[in-house]
Amino acid sequence: MRKPFVMGNWKLNGSIEMAKNLIDELREKLSTDFDCNIAVAPPTVYLDFAKHRLGGSNILLGAQDVDTHLSGAYTGDTSAAMLKDIGVTHVIIGHSERRTYHKESDELIAQKFAVLKETGLIPVLCIGESEAENEAGQTEAVCARQIDAVINALGVEAFNDAVIAYEPIWAIGTGKSATPAQAQAVHKFIRDHIAKQSSDVAKQVIIQYGGSVNDKNAAELFAQPDIDGALVGGASLKADSFAAIVKAAEQAKK
Ligand code: PGA
């Protein structure tokens, strides 16, 4: 049985005040033991603050990116070793915003995946097609290519204890989520694709859906057999909606 996993991606939002209030509210709303892994990923500069504020709670700490190097002359970057040092457990890599704005390639993202595995951190690998690719019927080919970049570099076993977030780019921040049936079809494709190399890895890998998940559509999405949770952007900035999504995940997977 896969334990559901809901992660909040705060992106470039927040302040100390906001982090304090949001974390305190989440701790209150999610204080009971949930049969769901929960994480928040604040901006890098607030990670250490967030770690202390989360102290002793069941909410894990995620980062939004990592450099491929562990140390050295790489001005402005943050290493996996540093993230681990301050208590991060999960790291988002390959988000479409980084693929687009920072021109990150599949190969670079596979290197980030590798350094996270070496360091003992859990990669949350974002994959997903653009609107044009979707309309051209290339969704499966794009997802397969993005997963194969990691499998070719590291082998399918690298997906043991890793997370995949399927995020169709046209659904991110648009309010236009994929329908549960659309998302389920792609999630099943992803799991079957991994199963071609290892059915054991495919059975246990967590596949989150991301793209305009909110407290209204979460339950229907989580009711799908291959949707194991969500990577939540906008709705993770409000304690009420994020807590409701966590509860929907737990409820759906009972
Ligand atoms: P959204 O973002 O929930 O605001 O659509 C999701 C994401 O980009 O991770």
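The structure we're discussing is the one just above.
Every value quoted in this text rests on a predicted model; they were computed, and no experiment measured them.

Criteria and cut-off values
Residues numbered from 1 in each chain as written. Predicted model: local features only at pLDDT ≥ 70, side-chain atom pairs only at ≥ 80, totals over all residues. Heavy atoms only, no water. Helix = DSSP H or I, 4+ residues; strand = E, 2+ residues; numbered from the N terminus. Rg over C-alpha atoms; globule rule 2.2 N^0.38 Å. Buried < 20%, exposed > 50% of the residue type's maximum accessible area, 1.4 Å probe, protein only. Contact = heavy atoms within 4.5 Å. Pairing = 2+ DSSP bridges. Core = buried A, V, L, I, M, F, W, Y, C linked by side-chain atoms within 4.5 Å.

Student: Which parts of the structure should I look at to understand the overall build of the protein chain?
Tutor: Counting its secondary structure elements, the protein chain contains 11 helices and 8 strands. For the protein chain, the C-alpha radius of gyration of 17 Å lies close to 18 Å, the compact-globule estimate for 254 residues. With the C-alpha coordinates of the protein chain rotated into their principal frame, the extents come out at 45 × 45 × 35 Å. For the protein chain, buried positions account for 52% of its 254 residues. In the protein chain, 74% of the contacts between residues at least 6 apart in sequence involve partners at least 24 apart.

Student: Looking at this structure, I do not really get the pairing of strand S6 (residues 163-166). What am I missing?
Tutor: Within a regular beta strand, the side chains point alternately toward one face of the sheet and then the other, so they alternate between its two faces. Because side chains alternate across S6, one face comprises the buried residues Val163 and Ala165, and the other comprises Ile164 and Tyr166, equally buried. As paired strands, strand S5 (residues 122-127) and S6 are joined by 4 bridges and run parallel to one another. Paired with Leu125 across the bridge in S6 is Ile164. Bridge count between S6 and strand S7 (residues 206-210): 4 bridges; the pairing is parallel. Paired with Ile164 across the strands is Ile207, a residue of S7.

Student: Just to check I follow, could you spell out the nonpolar core for this structure?
Tutor: What tends to happen in soluble globular proteins is that the nonpolar side chains get buried as a cluster. Membership of the largest hydrophobic core comes to 70 residues, with the highest contact counts inside it found for Phe159 and Ile190. The element that contributes the greatest number of residues to this core is helix H11 (residues 239-252), accounting for 7 residues. Discounting chain neighbours no more than four positions away, the residues touching Phe159 are Phe113, Leu125, Ile147, Val150, Ile151, Ile164, Val201, Gln204 and Val205. Listed in part, the 11 residues of the second largest apolar core include Ala39, Cys126, Ile206 and Leu231.

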